[in-house]
Amino acid sequence: MSQPLVSVLMPCYNVEKYVVEAMSSILNQTYRNIEVIAINDCSTDNTSDILAKMAKEDSRIKVINNDENLKLIKTLNKGITLCSGDYIARMDADDIALPTRIEKEVDFLESNNDHDVVSTQFYTFRSNKPDKLYLHHNPLHDCELRAYILFKSGICHPAVMIRRRVFTELDLNFEMQYLHVEDYALWSKAIYKTKIANLSEPLLLYRVHQQQVSTLNEQLQIDNKKKVFKIHCEQLGLPTTDEYLDIYASVAECTPTQSSIEYLDKCEDFMLSLIKRNKDKPFCEEAYLKYILSLHWLRLCANSQLGLKVIRRLKKSALYINKNYAFRDFVILYTKCIFRLKYKKSFIYKIMFR
């Protein structure tokens, strides 16, 4: 197997607690032909000194210090221009890459020239409970990911490896207008230009803590997701009105913004239109699209706060496919309907419905 250079792009901001472990997990990869582009984004803690010390110990580390705090998107785009490798692997400075991650991603891209993006499954963990891991599983194949990414990312950003041509020939990058969902926007544009995939093996430990951007800016993320949904609407020839995007977002988040049967009707019409659009001009695997939509339909009804009367509406739809639901799904459905529970996107909920 050839050994192309892999550039590992690692933005760093106030990560003195975690960066040694994160960096070490990259330096100790089974794949050795790497460079690490570590960009210190004006950290106010001891991150800069730690990076400088590690760079002295391993020549593969290249430390760049920003003159001003550029934040993540500008730092990523700057870092891409500094990468010399044929492949660019992302890594967050608070996560842990498992030893064979880079090797297996290179193997995949070297063997699949029609794919330009590959990521992996991953575990989440909390710093105070490092031995308690939660497995997250995303679809593996491009034909499934095209359906999945209509509603959520499907690609673990800090585990991803990207062929350089994505940023040169395909002219894609991380964009400020999609702040806090910039990676989701990138994959959403990429699926209309190339193929993407996930390896079946979990090869990253993703740290969850309260100071993460995703934790502190959840509402802004939801708002900016509508801009990502607009990408799909434009590509698929669907409406882009505010009302349509609101319905799209309700389906994606499995949470209707209005508690009424009439609004559920509109959500159902939207989902059925996606199935019809895919039949007329296929863009993803039909069976998997129907599977995803059947899950979203059940959860949308569960979060409607309409009580038990919504059960009849749920089962009346062509989107209701009994074989796609687990026992747990029905327990949650009936519990929420009986008590008319409000939707709360807790950590446990994310784990259950990932």
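Here the structure is shown first, and the text comes after it.
The notes below deal with the structure included here. (Residues numbered from 1 in each chain as written. Predicted model: local features only at pLDDT ≥ 70, side-chain atom pairs only at ≥ 80, totals over all residues. Heavy atoms only, no water.)

1. A few points about the overall build of the protein chain
Counting its secondary structure elements, the protein chain contains 14 helices and nine strands. Here the C-alpha atoms of the protein chain give a radius of gyration of 21 Å, agreeing with the 20 Å that 2.2 N^0.38 yields for 354 residues. Summarising its shape, the C-alpha atoms of the protein chain cover approximately 65 × 45 × 35 Å along the three principal directions. Looking at the protein chain as a whole, 54% of its 354 residues qualify as buried. For the protein chain, the exposed surface amounts to about 16200 Å²; the carbon and sulfur share of it is 52%. Positive and negative side-chain charges of the protein chain, numbering 49 and 44 respectively, have mean locations separated by a distance of 7 Å. (Helix = DSSP H or I, 4+ residues; strand = E, 2+ residues; numbered from the N terminus. Rg over C-alpha atoms; globule rule 2.2 N^0.38 Å. Buried < 20%, exposed > 50% of the residue type's maximum accessible area, 1.4 Å probe, protein only. Areas by Shrake-Rupley, 256 points an atom, 1.4 Å probe, with all protein chains shown as cover. Lys, Arg positive; Asp, Glu negative; His and termini not counted. Charge placed at Lys NZ, Arg CZ, Asp CG, Glu CD.)

2. Quick notes on the environment of Lys 227
Inspection of the secondary structure assignment puts Lys 227 in helix H8 (residues 218-236). With a relative accessible area of 38%, Lys 227 lands in the partly exposed category. Taking the C-alpha atoms as reference, Lys 227 lies 29 Å from Leu 306; in sequence the two are 79 residues apart. Ignoring any residue separated from it by four or fewer positions in sequence, one finds Lys 227 in contact with Gln 177 and Tyr 178. Side-chain polar atoms of Lys 227 contact the backbone oxygen of Gln 177, separated by 3.3 Å. (Contact = heavy atoms within 4.5 Å. Polar contact = N/O pair within 3.5 Å; in protein donor to acceptor, adjacent residues only side chain to side chain.)

3. Some words on the packing of helix H12 (residues 309-316) against helix H13 (residues 327-339)
Packing of H12 against H13 leaves a shortest axis separation of 9 Å and a crossing angle of 140°. Here H13 runs oblique to H12, going by the angle between their axes. Side by side, H12 and H13 meet where Val 310, Ile 311, Leu 314 and Lys 315 of the first sit next to Leu 333, Tyr 334 and Cys 337 of the second. A breakdown of the residues in the contact of H12 with H13 according to their chemical character gives six nonpolar, no polar and one charged. (Axes fitted to C-alpha atoms, helices over the stretch in contact; angles between N-to-C directions. Parallel < 35°, antiparallel > 145°, perpendicular 65-115°, else oblique. Nonpolar A, V, L, I, M, F, W, Y, C, P; charged D, E, K, R; others polar.)

4. Digging into the side chain of Asn 66
Looking at the element boundaries, Asn 66 is found in the loop between strand S3 (61-65) and helix H3 (71-82). A polar side-chain atom of Asn 66 sits 2.8 Å from a polar atom in the side chain of Asp 41. Setting aside chain neighbours within four positions, we find Asn 66 in contact with Ile 39, Asn 40, Asp 41, Cys 42, Thr 75 and Lys 78.

5. Comments concerning the pattern of salt bridges
Under the defined criterion, the tally for this structure stands at 22 salt bridges. Notably, a salt bridge pairs Glu 105 with Arg 101, separated by 3.2 Å at the nearest N-O pair. With Glu 105 and Arg 101 both in helix H4 (residues 101-111) and four residues apart, the pair spans about one turn of that helix. For the pair Glu 105 and Arg 101, one class covers both residues: buried. Note that Arg 146 and Asp 142 form a salt bridge whose closest N and O atoms lie 2.6 Å from each other. Pair noted here: Arg 146 and Asp 142 are both in helix H5 (residues 142-148), with a separation of four residues, about one helical turn. An identical accessibility class is assigned to Arg 146 and Asp 142; each is buried. Overlapping salt bridges, with partners in common, bring together Asp 116, Arg 163, Arg 165 and Glu 169 in one network. (Salt bridge = Lys/Arg side-chain N within 4 Å of Asp/Glu carboxyl O.)

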